[in-house]
Amino acid sequence: ETRSQTISHLHISEAAYCQHPDKILGSMQSVPNGGSITLESTPNGIGNWFYNFYNDSENGYVKLFFPWFLSSEYRLECSDFDYTSEESNFIESVKRNYGIEMGHSQIMWRRAKRSELKSKFDVEYPESASTCFLSSGNPAFELEKLTEILRSAPKPIEVGLDGALKIYQHAIPG
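Residues numbered from 1 in each chain as written. Predicted model: local features only at pLDDT ≥ 70, side-chain atom pairs only at ≥ 80, totals over all residues. Heavy atoms only, no water.

**Q** Give a description of the nonpolar core that names residues and reports values.
**A** Counting residues in each nonpolar core, the largest one holds 16 residues, and the members touching the most others are Ala15, Ile24, Leu39, Trp49 and Phe50. At the level of elements, strand 1 (9-13), helix 1 (21-28) and helix 2 (49-55) are the ones that each hand at least two residues to this core. Among the elements that make up this core, the one with the highest residue count is helix 2 (4 residues). Ignoring anything within four residues of it in the chain, the contact list for Leu39 reads Ile12, Ala15, Ile24, Met28, Trp49, Phe50 and Phe53. (Core = buried A, V, L, I, M, F, W, Y, C linked by side-chain atoms within 4.5 Å. Buried < 20%, exposed > 50% of the residue type's maximum accessible area, 1.4 Å probe, protein only. Helix = DSSP H or I, 4+ residues; strand = E, 2+ residues; numbered from the N terminus. Contact = heavy atoms within 4.5 Å.)

**Q** An account of the pairing of strand 2 (residues 36-40) is needed here, citing residue identities and associated values.
**A** Sheet analysis places strand 1 next to strand 2, joined by 5 bridges and oriented parallel. Opposite His11, over in strand 2, you have Thr38 as the bridge partner. Handedness of the strand 1-helix 1-strand 2 crossover: right-handed. (Pairing = 2+ DSSP bridges. Right-handed = clockwise from strand over helix to strand, strands pointing away.)

**Q** How would you sum up the pattern of salt bridges? Please name residues and give values.
**A** Applying the stated criterion to the full structure yields 8 salt bridges. Note that Arg110 and Glu127 form a salt bridge whose closest N and O atoms lie 2.7 Å from each other. In this pair, Arg110 is assigned in helix 4 (residues 104-117) and Glu127 in the loop between helix 5 (121-124) and helix 6 (143-152), connecting sequence segments 17 residues apart. Between Glu116 and Lys113 there is a salt bridge; the shortest N-O distance is 3.1 Å. With a gap of 3 residues between them, Glu116 and Lys113 both fall in helix 4, about one helical turn apart. It is possible to trace a salt-bridge network through shared partners that takes in Glu86, Arg110, Arg114, Asp122 and Glu127. (Salt bridge = Lys/Arg side-chain N within 4 Å of Asp/Glu carboxyl O.)

**Q** Let's hear about the confidence of the model for the chain: which residues, and what values?
**A** In the predicted model, the chain carries a mean pLDDT of 87, and the fraction of residues at 70 or more is 89%. The secondary structure element of the chain with the lowest average pLDDT is helix 6, at 70, and the one with the highest is helix 4, at 96. (pLDDT = per-residue confidence, 0-100.)

Shown next, in the form of structure tokens:
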């Protein structure tokens, strides 16, 4: 916590795991106009202060999400192999949402890490901003099922409330 000091550049790592968010918010007040504030973190569930702060469309902060597949080091060299249907859906989703062509070496790395980390993979290496908070904390639903539903959902016909509301089909009268 920083009170009564001026900070030009504030960077807080793993902000979602801070035990005293009021201290972070207090420190943010020490940064003058023209300074920079960076709160970076892996997610820590839904409903906590970081989740609420990240999803607050009116707080004036730019939200950035960096999935693991943007980093070139997350690859394992291998020969070609057949993708599972889940992997094919994932590859298609990445291409549609990020314009990135996934390769075998990335999928092999993903397989190895999923095998090593089990359900913690989605916490340590989240793949989308829409599911990253679902995979952490103490979720009430199976993440794999929710993720598959989100990935296979068609493109919404209308989006509102800064992306929080997605309409896939208008109501049919009667």
